[in-house]
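# Descriptive analysis of the structure
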Amino acid sequence: MKAPRVTLDQWRTLQAVVDHGGFAQAAEVLHRSQSSVSYTVARMQDQLGVPLLRIDGRKAVLTEAGGVLLRRSRQLVKQASQLEDLAHHMEQGWEAEVRLVVDAAYPNARLVRALTAFMPQSRGCRVRLREEVLSGVEEVLLEGVADLAISGFSIPGYLGAELSDVEFVAVAHPEHALHRLNRELSFQDLESQLQVVIRDSGRQQPRDVGWLGAEQRWTVGSLATAATFVGSGLGFAWLPRHMIERELKEGLLKRLPLEQGGTRNSTFYLFSNKEKPLGPATQILIELLRTFDTAPLDAPFAAPEQA
């Protein structure tokens, strides 16, 4: 890769000349001599082979090419400053990245709120979000490739902070054979029907959570796919209420009138990787995840201003 001929300092000098109205004003702001500023800009034009400024009376005015290059250079200088800031924060122990793995059944609305609030406090720290199902969350944490994990299971050997419950509801299409029975349903009624089950993404010890043992079972890879299948009349399933609230209200899905077990509540937990110390960015994100976990899903939200 060819080395750049123009330095960031030269781009900053050109920006100062344009922003402050001339060479003398830029020299004052940059604490340099006017001749040094003039030489820097002249040298840039020679290096680029493109005129950047023209003199209009006593004022230096951007050429068309100069205007295009200046706009691009602003982003370049900004990114360089952000890179330097990130290096400074990392020197102080600030993480470059936080890796978060979340069970797909956990409400996305809560994650969005927490991550939106995290952004102005992140100091350039990235978030790598990964979705897993059931034991897949535990495996990712135990493999050491996650800093934080949100799971609907207790993980042996880890102390998790308790989060809110997620309600799972047994549902089927309104015209499904189970609804046409027009009575309270037993588990024996369900065993004769097709059940849609979400595949556990874990590889070591996958779980069959919620499966009744019926022979008619279709396994899908995501909750969204399960909801689509059931909404099309293919089988029944237990699905998170927050994911299907609209379909229930609009009559696209209907709760099964079970004698018992029509709803199931799963408590979720927030775990951290015990093999590495928590950095400042990770600690901030933990507090935000816990804060927004308790907020109603339909509550209005605006990210806080950066201090």
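About the thresholds
- Residues numbered from 1 in each chain as written.
- Predicted model: local features only at pLDDT ≥ 70, side-chain atom pairs only at ≥ 80, totals over all residues.
- Heavy atoms only, no water.
- Helix = DSSP H or I, 4+ residues; strand = E, 2+ residues; numbered from the N terminus.
- Buried < 20%, exposed > 50% of the residue type's maximum accessible area, 1.4 Å probe, protein only.
- Contact = heavy atoms within 4.5 Å.
- Core = buried A, V, L, I, M, F, W, Y, C linked by side-chain atoms within 4.5 Å.
- Phe/Tyr/Trp six-rings, centres within 6.5 Å; stacked < 30°, edge-to-face > 60°.
- Lys NZ or Arg CZ within 6 Å of the ring centre and 35° of its normal.
- Pairing = 2+ DSSP bridges.
- Salt bridge = Lys/Arg side-chain N within 4 Å of Asp/Glu carboxyl O.
- Polar contact = N/O pair within 3.5 Å; in protein donor to acceptor, adjacent residues only side chain to side chain.
- Arc of directions from axis to C-beta.

### Brief notes about the overall build of the protein
Across its full length, the protein holds 11 helices and 11 strands. Here the protein holds 307 residues, and 41% of them are scored as buried. Taking the contacts inside the protein whose residues are at least 6 apart along the sequence as the reference set, 72% of them involve residues at least 24 apart.

### Digging into the nonpolar core
Core analysis: the biggest nonpolar cluster contains 51 residues, and Leu-148, Ile-150, Val-171, Leu-239, Leu-256, Leu-270 and Leu-289 have the highest contact counts within it. Ranked by residue count, the leading element in this core is strand β6 (residues 161-172), at 8 residues. The contacts of Leu-239, once residues within four sequence positions are left out, are Glu-167, Phe-168, Val-169, Val-171, Ile-198, Leu-223, Ala-226, Ala-227 and Ile-244. One finds Val-17, Met-44, Leu-52 and Ala-60 within the second-largest nonpolar core, a separate group that totals 16 residues.

### Topic: the environment of Tyr-269
Relative to the assigned elements, Tyr-269 resides in strand β11 (residues 263-272). A C-alpha to C-alpha distance of 8.0 Å links Tyr-269 and Ser-164, two positions 105 residues apart in sequence. Residue contacts for Tyr-269: discarding those within four places in its chain leaves Ala-149, Ile-150, Ser-151, Phe-153, Ser-154, Gly-160, Ala-161, Glu-162 and Leu-163.

### A few points about the packing of aromatic side chains
This structure, assessed with the given rule, holds 5 aromatic pairs. Aromatic side chains Tyr-269 and Phe-271 sit 6.2 Å apart centroid to centroid with 40° between the ring planes, which places their arrangement in the tilted category. Through a chain of ring-to-ring contacts, three or more aromatic side chains come together here, namely Tyr-158, Tyr-269 and Phe-271. The ring of Tyr-158 carries Lys-274 above its face, with NZ or CZ at 4.6 Å from the centroid.

### Structural notes on the pairing of β6
Of all the 12 residues making up β6, 9 are buried; the element is thus mostly covered by neighbouring parts of the structure. Across 7 bridges, β6 lies against β11 in antiparallel orientation. Within β11, the residue paired with Glu-167 across the bridge is Asn-265. Relative to strand β9 (residues 236-240), β6 is paired through 5 bridges, and the arrangement is antiparallel. Bridging from a neighbouring strand, Val-171 pairs with Ala-237 of β9. The pairing of β6 with strand β10 (residues 254-255) spans 2 bridges and is antiparallel. By the bridge assignment for β10, Ala-172 is matched with Lys-254.

### A word on the pattern of salt bridges
One pass over the full model with this rule turns up 12 salt bridges. Measuring nitrogen to oxygen at the nearest pair gives 3.7 Å for the salt bridge that ties Arg-32 to Asp-9. Of the two residues, Arg-32 is situated in the loop between α2 (23-30) and α3 (34-48) and Asp-9 in helix α1 (residues 8-20); the sequence distance between them amounts to 23 residues. In this structure, a network of salt bridges that share partners links the residues Glu-97, Arg-126 and Arg-128.

### What about the side chain of Ser-73?
Within the secondary structure, Ser-73 is located in helix α4 (residues 64-91). By relative accessible area, which is 2% here, Ser-73 ends up buried. A polar side-chain atom of Ser-73 sits 2.7 Å from the main-chain carbonyl oxygen of Leu-70. Excluding residues that lie within four positions of it along the chain, Ser-73 makes contacts with Trp-11 and Gln-15.

### Quick notes on unusual backbone geometry
One non-glycine residue, Leu-134, adopts positive backbone phi at about 55°. Structurally, the position occupied by Leu-134 is in the loop between β4 (126-132) and α6 (135-142). Here Leu-134 falls in the buried class, since its relative accessible area comes to 14%. In this structure, Asn-182 takes a positive phi of about 55° despite not being glycine. Tracing the backbone shows Asn-182 in the loop between α7 (177-180) and α8 (187-191).

### Considerations on the side chain of Ser-164
Assignment of secondary structure puts Ser-164 in strand β6. Side-chain polar atoms of Ser-164 contact the side chain of Arg-110, separated by 3.0 Å.

### Remarks on the environment of Leu-256
Of note, Leu-256 is situated in the loop between β10 and β11. Exposure remark for Leu-256: the relative accessible area of 5% places this residue in the buried category. Once residues lying within four places of it in the same chain are set aside, the contact partners of Leu-256 are Ala-170, Val-171, Ala-172, Leu-178, His-179, Leu-185, Leu-190 and Phe-236.

### Remarks on helix α10 (residues 241-249)
Regarding α10, the residues found buried are Ile-244, Glu-247 and Leu-248. For α10, the angular spread of the buried residues around the axis is 100°, confining them to a single face. Those residues of α10 that are buried lie in contact with β6, α9 (223-231), β9 and β10. A positive backbone phi angle near 80° is found at Gly-251, which sits one or two residues after α10.

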